[in-house]
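A closer look at the structure
In case you want the letters, here they are:
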Amino acid sequence: ACSALERGNSKFATAAFRGALGQLVRYLPTGSEAGASPALRARFEAVAAYIALAALLQDCESLHASAIAIGACGVSIASPETVRKLCLRWACVLRVAKAPKHTVHFAIQAMASFFTCAQRVGGWVAARRVAS
């Protein structure tokens, strides 16, 4: 699932993480007095975070396609609202808890998106913050 996420296949990653969630449910204790172990809770948290991350990345992909659309005159036809939504999704991606290598990977993608699409809505300031 993580490799699919790294390759940019967020739909498959979402399905794979949801499948992993189904597998984890099997390990939940059935007795009312027994709670889930800390290790199992940590796995649930990680899977839930990666499901949210994959959904956000899927939104970013569709918004990015709209944000880089060029009209007949060679001028961007993206509305400021679309670009603002894209920037907000990337900000959410950066806030979701994830593995350190994924933090770096997605921070680079976010900076590229901010620098490429978002000058009109303050994205360069955001990209500089991420870079520092």
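Parameters and conventions
- Residues numbered from 1 in each chain as written.
- Predicted model: local features only at pLDDT ≥ 70, side-chain atom pairs only at ≥ 80, totals over all residues.
- Heavy atoms only, no water.
- pLDDT = per-residue confidence, 0-100.
- Helix = DSSP H or I, 4+ residues; strand = E, 2+ residues; numbered from the N terminus.
- 1 Å grid on protein atoms, 1.4 Å probe; cavity = no way out; pocket = protein on both sides within 12 Å on 5 of 7 lines; lining within 4 Å.
- Points joined across faces, edges and corners; volume = space filled by probe spheres on them.
- Nonpolar A, V, L, I, M, F, W, Y, C, P; charged D, E, K, R; others polar.
- Axes fitted to C-alpha atoms, helices over the stretch in contact; angles between N-to-C directions.
- Parallel < 35°, antiparallel > 145°, perpendicular 65-115°, else oblique.
- Left-handed = near helix turned anticlockwise from the far one by under 90°.
- Contact = heavy atoms within 4.5 Å.
- Salt bridge = Lys/Arg side-chain N within 4 Å of Asp/Glu carboxyl O.
- Buried < 20%, exposed > 50% of the residue type's maximum accessible area, 1.4 Å probe, protein only.

With that out of the way, let us pick up the confidence of the model for the chain. Looking at the chain, pLDDT values average 80 and 80% of them are 70 or higher. Within the chain, no element has a lower average pLDDT than helix α6 (residues 123-131), which sits at 65, and none a higher one than helix α3 (residues 38-67), at 88.

Moving on, we get to the layout of surface pockets. Empty space within the second largest pocket amounts to approximately 180 Å³. Lining the second largest pocket are 14 residues, with L57, C60, E61, W90 and Q109 sitting closest to its centre. When residues of the lining of the second largest pocket are traced back to their parent elements, those giving at least two are α1 (2-7), α3 and α5 (100-117). Per-class residue counts for the lining of the second largest pocket are six nonpolar, six polar and two charged.

In the contact formed by helix α2 (residues 10-25) and α3, the axes pass within 9 Å of each other and the chain directions differ by 160°. One way to sum up the angle between α2 and α3 is to call them roughly antiparallel. Crossing angle aside, the handedness with which α2 passes α3 is left-handed. Contacts between α2 and α3 involve S10, K11, A13, T14, F17, R18, A20, L21, L24 and V25 on the former and, on the latter, L40, R43, F44, V47, Y50, I51, A54, A55, L57, Q58 and E61. A breakdown of the residues in the contact of α2 with α3 according to their chemical character gives 14 nonpolar, three polar and four charged.

A separate point is the pattern of salt bridges. The full count for this structure, using the stated rule, is two salt bridges. Here D59 ties to R89 by a salt bridge, and the two come within 3.4 Å at their closest N and O atoms. Of the two residues, D59 sits in helix α3 while R89 sits in helix α4 (residues 80-95), which places them 30 residues apart along the sequence. Residue classification places R89 among the partly exposed positions, given a relative accessible area of 25%.

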